[in-house]
Amino acid sequence: MSNKGQSIQDKLMPFAMKLGNNKFLVAIRDGIILSMPLIIIGSFFMILATGFSIPPFEKWLTDAGIGAYLYKGSDSSFGLIGLVSSFGIAYSLAKQYKTDGVSAGIVSLSCFIVVTPFLTSKDGSSILTSYMTAQGLFVAIILGLINGYVYQWFINNDIEIKLPDSVPPAVSKSFSAIIPGAVLVSFWLLVYSLLDHFKLPDMHLLAKTILGVPLGMLGNNILGVVILVLCNSLFWFVGLHGGNIVNKIMEPIWIANLNDNVQAHKMGEPLQHIFTTPFINNFIYIGGAGATIGLVIALAWIARRKKASQRAKALSPITLIPGFFNINEPTMFGIPVVLNVLLIVPFILAPLMNLLISYAAVKVGILPLIYAEPGWTTPPIISGFLCTGSIMGSVVQIVLIVLDVLLYLPFILNLEKTFKKEEAKSEEK
C-alpha cells in the first residue's frame, strides 16, 4: 500500500472503528437480525402457499384448504418482525452495557404492547397483528433503544431490588428488573394515555410519519437508492461497513415494502414495491457489497492460468466459495478491496449497474416484483427464482453476473500485474 493510502487509512480507521462499534447501531443491527429466521421461515411458507408460482398447483392448494394454513404459517412468523425486534434491540443494547439483556428485552416487549392501540369489543380487547409486522419496526427501534439504555442505567447505578446471594440468579434477575421495568412501562403508558386522550396519532403513526416518510422518500425511488448504493460502496472503500451503516438504516423501509408485497400477493392484488431487502441483497449486491461476485469469478479465471501469480492462486479459493454465498469479507480485506485504488472504479460501478439494469427489467416487465425473502446467503440464480417465483429472476441474475465479471476483469488483470511485480521483487531480495 502506498504511503498516501496508509495515511488515509490511519486517519479514517479510528472513525471507522468508533462508528462500527457504536452501541446503538449495533443494537439496531442485531435486534433486526434476531427476527431474520422468522422472515426466511415466513417466506418459505409463502413460496409453498403460492405453489412455487405454478398457477394450477396454487389453485389446488387453495381449493383444498391447504393454502390458508400455509398463509397462517407465514403470518405467524414473518408477521412478528416488529414484535421480535422490540425485544432484540433492547436485549442487544443492555447486553453491551453488561446487564441482563433478557429482562431488558421483556420489558421493552411489554412497552411495545403498551403503546399499541387495542381493539375493544364485548368479548374483550385485542391487538391488530399488523402492528406486530414490519409496520411496527420504527416503534420497535425507538422503544428498543430507549428502553435498553434506561434499563441498563438503572442497573448500573444500583437502582434495583437486590436479593441475598443465596437466592438463585434467575430469581434475583427478575426482581432486579422490577424497578426499571415499572418506570418504563409507566412512562410509555403515560405517553399512550396522553396521545389517546387528546385524540392525537398513536406512536406507530407518529414514528412512521417522523421516520418513515423521509426515509421512504430516499429508499423508495431510483435516485435515492442510487445515492444509497454509492454511499455503501464509498463507506466500504474507506474501511467502514457500509451495510451496517446504510442498509441497516434503510432496512425498516425495505422490510416494510416486502411485507406490503407479501400481503398484496396473498390477497391476489398487484405488488407495489420494487425496493425490498431481497431486491437489494440478491440483485444489486450479488456476492456482497460492490457486487464482488464479478471480482471473485474474474480472479478465479486468472488463477487457473499456469503463469498466474501465487497470490492470485492463494486468494481464489478463499474468496470464490464465500462469494457465492454473498460473503465477501475475505475479498474486502484479503485482496484487499479496501483502500485499493486499482479496484475502486468497478467496486462503485458494478452495484450501480446492477441497480439500473434490475430496475429497468422490473419497469419493462421482465423481472417480477419480489414477495419472498430467501435469505441473503442463498446463492445467486437460486435466490433469483425463490424471491420472484419466476425463472426470469434467475435469468436476470445470470445476465448481471456476466456483466459484473466483464466489468471487473480488466481491473483484475491490472491488479494481477501488480501481484507479479511484487512477487518478482520479493524473489530478487
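Described below are features of the structure shown in this document. The structure presented is a predicted model; accordingly, all values stated were derived computationally and were not measured. (Residues numbered from 1 in each chain as written. Predicted model: local features only at pLDDT ≥ 70, side-chain atom pairs only at ≥ 80, totals over all residues. Heavy atoms only, no water.)

1. So, the pattern of salt bridges
Link 1 in the chain: Evaluated as defined, the whole model comprises 5 salt bridges.
Link 2 in the chain: Note that aspartate 30 is salt-bridged to arginine 29, the shortest N-O span being 2.9 Å.
Link 3 in the chain: Across the pair aspartate 158 and lysine 162 runs a salt bridge whose closest N-O atoms are separated by 3.3 Å.
Link 4 in the chain: Assessed through its relative accessible area of 56%, lysine 162 is described here as exposed. (Salt bridge = Lys/Arg side-chain N within 4 Å of Asp/Glu carboxyl O. Buried < 20%, exposed > 50% of the residue type's maximum accessible area, 1.4 Å probe, protein only.)

2. A look at the layout of surface pockets
Link 1 in the chain: Here the largest pocket defines a volume of roughly 650 Å³.
Link 2 in the chain: For the largest pocket, the lining is made up of 28 residues, of which His241, Asn247, Lys248, Asn281 and Trp376 are closest to its centre.
Link 3 in the chain: Elements with a minimum of two residues in the lining of the largest pocket: α2 (23-33), α3 (36-49), α12 (222-237), α13 (242-266) and α14 (277-284).
Link 4 in the chain: Per-element accounting of the lining of the largest pocket gives the leading share, 7 residues, to α13.
Link 5 in the chain: For the lining of the largest pocket, the per-class residue count stands at 12 nonpolar, 11 polar and 5 charged. (1 Å grid on protein atoms, 1.4 Å probe; cavity = no way out; pocket = protein on both sides within 12 Å on 5 of 7 lines; lining within 4 Å. Points joined across faces, edges and corners; volume = space filled by probe spheres on them. Helix = DSSP H or I, 4+ residues; strand = E, 2+ residues; numbered from the N terminus. Nonpolar A, V, L, I, M, F, W, Y, C, P; charged D, E, K, R; others polar.)

3. Notes on the nonpolar core
Link 1 in the chain: By size, the foremost hydrophobic cluster in this structure holds 106 residues, and its most contacted members are Trp188, Phe279 and Ile412.
Link 2 in the chain: Excluding residues that lie within four positions of it along the chain, isoleucine 412 makes contacts with Leu295, Ala298, Leu299, Ile302 and Leu343. (Core = buried A, V, L, I, M, F, W, Y, C linked by side-chain atoms within 4.5 Å. Contact = heavy atoms within 4.5 Å.)

4. Examining a nonpolar patch on the surface
Link 1 in the chain: A cluster of nonpolar side chains, namely Phe52, Ile54, Phe57, Trp60 and Ile66, defines an oily patch on the protein surface of about 450 Å² accessible area.
Link 2 in the chain: Topologically, isoleucine 66 is positioned in helix α5 (residues 66-75).
Link 3 in the chain: For isoleucine 66, a relative accessible area of 32% gives the class partly exposed. (Patch = residues over 30% accessible without salt bridge, like charges linked within 9 Å, V, L, I, M, F, W, Y side chains within 5 Å. Areas by Shrake-Rupley, 256 points an atom, 1.4 Å probe, with all protein chains shown as cover.)

5. Observations regarding helix α8 (residues 137-156)
Link 1 in the chain: Taking 1.5 Å of rise per residue, 20 residues should cover 28 Å, and α8 covers 28 Å from first to last C-alpha, within 8% of that figure.
Link 2 in the chain: Burial runs high along α8: 14 of the 20 residues are buried.
Link 3 in the chain: Of the residues one or two after α8, aspartate 158 is the one with positive phi, at around 60°. (Expected span 1.5 Å × (residues − 1).)

6. Observations regarding the pairing of strand β2 (residues 124-127)
Link 1 in the chain: In this structure, strand β1 (residues 118-121) lies alongside β2, joined through 4 bridges in antiparallel fashion. Each bridged residue has a counterpart across the sheet, and for serine 121 the counterpart in β2 is glycine 124.
Link 2 in the chain: Adjacent in sequence and paired antiparallel, β1 and β2 are bridged by 2 residues. (Pairing = 2+ DSSP bridges.)

7. Brief notes about the packing of aromatic side chains
Link 1 in the chain: Across all of its chains, the model carries 11 aromatic pairs by this definition.
Link 2 in the chain: Ring geometry for phenylalanine 275 and phenylalanine 279: centres 5.7 Å apart, planes at 80°, overall edge-to-face.
Link 3 in the chain: Residue phenylalanine 279 is classed as buried on the basis of its relative accessible area of 1%.
Link 4 in the chain: When the ring centre of tyrosine 97 is taken as reference, the NZ or CZ atom of lysine 23 above it lies at 5.3 Å. (Phe/Tyr/Trp six-rings, centres within 6.5 Å; stacked < 30°, edge-to-face > 60°. Lys NZ or Arg CZ within 6 Å of the ring centre and 35° of its normal.)

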